[in-house]
Amino acid sequence: MSDTKTRYISNLTKETYALILAGGRGSRLHELTDWRAKPALYFGGKFRIIDFPLSNCINSGIRKVGVVTQYKSHSLIRHLVRGWGHFKKELGESIEILPASQRFSESWYEGTADAVFQNIDIIRDELPKYVMILSGDHIYRMDYGAMLAAHEESGAKMTVSCMSVPVEEAANAFGVLSVDENMRILGFEEKPAHPTPLPDDPSRCLASMGNYVFNTEFLFKELKRDSENSGSQRDFGKDIIPSIIADHPVYAYPFAEGDAGANYWRDVGTLDSFWEANMELVSPVPALNLYDRRWPIWTYQEQLPPAKFVWEEQDRRGEAINSVVSGGCIVSGATLRRSLCFSNVRVHSYSQIEETVILPDVEIKRHCKVKKAILDRGCVLPEGTVIGYNHDEDRARGFRVSEKGVVLVTRGMLGQPVGF
């Protein structure tokens, strides 16, 4: 990219305020989100989902960010304060937490559009030329500067990021766009049962990623109009976008995944997709490159000692094969294969762990066997526990088994004290 183009995009990002919608429950993740909002869910060994859109903002040069919270937000807010509270307002940068405060109504946030409308005064104080509305519950790597440049150059009032996905994947799950040859949006359906396919590929369609760029004054005008419509559901996909595409220039911005994590997007809204996205990270060259120093993923993590592997006896060897192991972990005479350990995990002797996502502070006692599972934060597996080898037995013990055979285990299922 030329210096002139870089400066051009830098000027655009400086004039942008980003609002991350992080109030989602994530009900399809079942017990994983009983005590935390989906954006607060752990991912990738040391991160939380919210770290990805926040890191995208910082790496793209957007330093004025609001995070809208609502559902069971305590662990999310605590993480934001600890890991993202160091920005300096006097230097023109800030990451603000925006819980529903009923400034414009007596209701909590009633939809995505209402969440923005209730924070209009905070956005207006920043005097941005553009407002970027971002999804807070997907794992993705995206340079927002390129999208801002496309928005400015097209003359759009609103731009919607989108990507090509299989029709069956989009059904009942994503907003679906129809566009002309210049990528101007002609039609928009919110989570249709039968998505409109691409003209040249009936097996795929254009799905909205839930990321939008607006000209600020246009956004304010449309939110005000929507707030006065008694029949509105206060939602961008259901109300705002369908109401403006006929009379205003609204364009799609196609997002294409690149090599080795240059661009990356995953929906981790189900137990299977959450497990699969984490499992991708243990491959030798994962699609998401967490080791790219040019695009770091920032987070909060307490100071911890290095991971430790102990004992080297014939049947008692501490080892991790094709696995990711975070700080504070001790693998003592146990074997991990194709597994991912978050911080402060303890795996005791003679245990065999395969294809398992282990969230922080889990302890696995001796002689346990676990396969293709998700162990929620703080679980303590008693000695001799077997998980993932007989799904009928797993269900009988109160564990949840997903459609693709991933076993979810939480503290509540083990009869242990629950929490986030």
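Criteria and thresholds
- Residues numbered from 1 in each chain as written.
- Predicted model: local features only at pLDDT ≥ 70, side-chain atom pairs only at ≥ 80, totals over all residues.
- Heavy atoms only, no water.
- Axes fitted to C-alpha atoms, helices over the stretch in contact; angles between N-to-C directions.
- Helix = DSSP H or I, 4+ residues; strand = E, 2+ residues; numbered from the N terminus.
- Parallel < 35°, antiparallel > 145°, perpendicular 65-115°, else oblique.
- Left-handed = near helix turned anticlockwise from the far one by under 90°.
- Contact = heavy atoms within 4.5 Å.
- Pairing = 2+ DSSP bridges.
- Right-handed = clockwise from strand over helix to strand, strands pointing away.
- Buried < 20%, exposed > 50% of the residue type's maximum accessible area, 1.4 Å probe, protein only.
- Salt bridge = Lys/Arg side-chain N within 4 Å of Asp/Glu carboxyl O.

Let's talk about the packing of helix H8 (residues 216-227) against helix H9 (residues 236-244)
Contact pair H8 / H9: the axes reach a minimum separation of 11 Å and the direction vectors enclose 115 degrees. Between H8 and H9, the crossing angle belongs to the class labelled roughly perpendicular. As for the relative orientation of H8 and H9, their crossing is right-handed in sense. Between H8 and H9, the residues in contact are Phe 218, Leu 219, Glu 222, Leu 223, Arg 225 and Asp 226 and Phe 236, Asp 239, Ile 240, Ser 243 and Ile 244, respectively.

Overview of the pairing of strand E5 (residues 94-99)
One ladder, built from six bridges, connects strand E4 (residues 64-69) with E5; its direction is parallel. Following the sheet pairing, Gly 66 is matched in E5 by Glu 96. Viewed along the sheet, the connection from E4 through helix H3 (residues 74-84) into E5 turns out right-handed.

Considerations on the environment of Val 65
Following the sequence through the fold, Val 65 ends up in strand E4. Between the C-alpha atom of Val 65 and that of Glu 96, which follows or precedes it by 31 residues, the distance is 6.4 Å. Look past the residues within four positions of Val 65 in its chain and what remains in contact with it is Tyr 17, Ala 18, Ile 20, Leu 54, Cys 57, Ser 94, Ile 95 and Glu 96.

Topic: the environment of Pro 192
One can find Pro 192 in the loop between strand E10 (185-190) and strand E11 (204-215). Residue Pro 192 is classed as buried on the basis of its relative accessible area of 10%. Separated by 19 residues in the primary sequence, Pro 192 and Ala 173 place their C-alpha atoms 7.7 Å from one another. If sequence neighbours within four positions are ignored, Pro 192 has contacts with Ala 170, Ala 171, Asn 172, Phe 174 and Val 176.

Concerning the sheet that holds strand E26 (residues 380-381)
Across the sheet, five strands lie side by side as E14-E19-E22-E24-E26; this open sheet has parallel pairing. What marks the edges here is a single partner per strand, and that holds for strand E14 (308-310) and E26.

Quick notes on helix H10 (residues 271-280)
Summarising burial for H10: eight of the 10 residues are buried, a large majority. Every buried residue belonging to H10 is among Leu 271, Asp 272, Ser 273, Phe 274, Trp 275, Ala 277, Asn 278 and Met 279, and all of these are buried.

Things to note about the pattern of salt bridges
Evaluated as defined, the whole model comprises 17 salt bridges. Between Asp 376 and Arg 36 there is a salt bridge, with its nearest N and O atoms 3.3 Å apart. Here Asp 376, found in the loop between strand E25 (369-375) and E26, pairs with Arg 36, found in the loop between strand E1 (16-21) and strand E2 (42-43); they are 340 residues apart in sequence, far enough to count as distant. Between Asp 361 and Arg 377 there is a salt bridge, with its nearest N and O atoms 3.4 Å apart.

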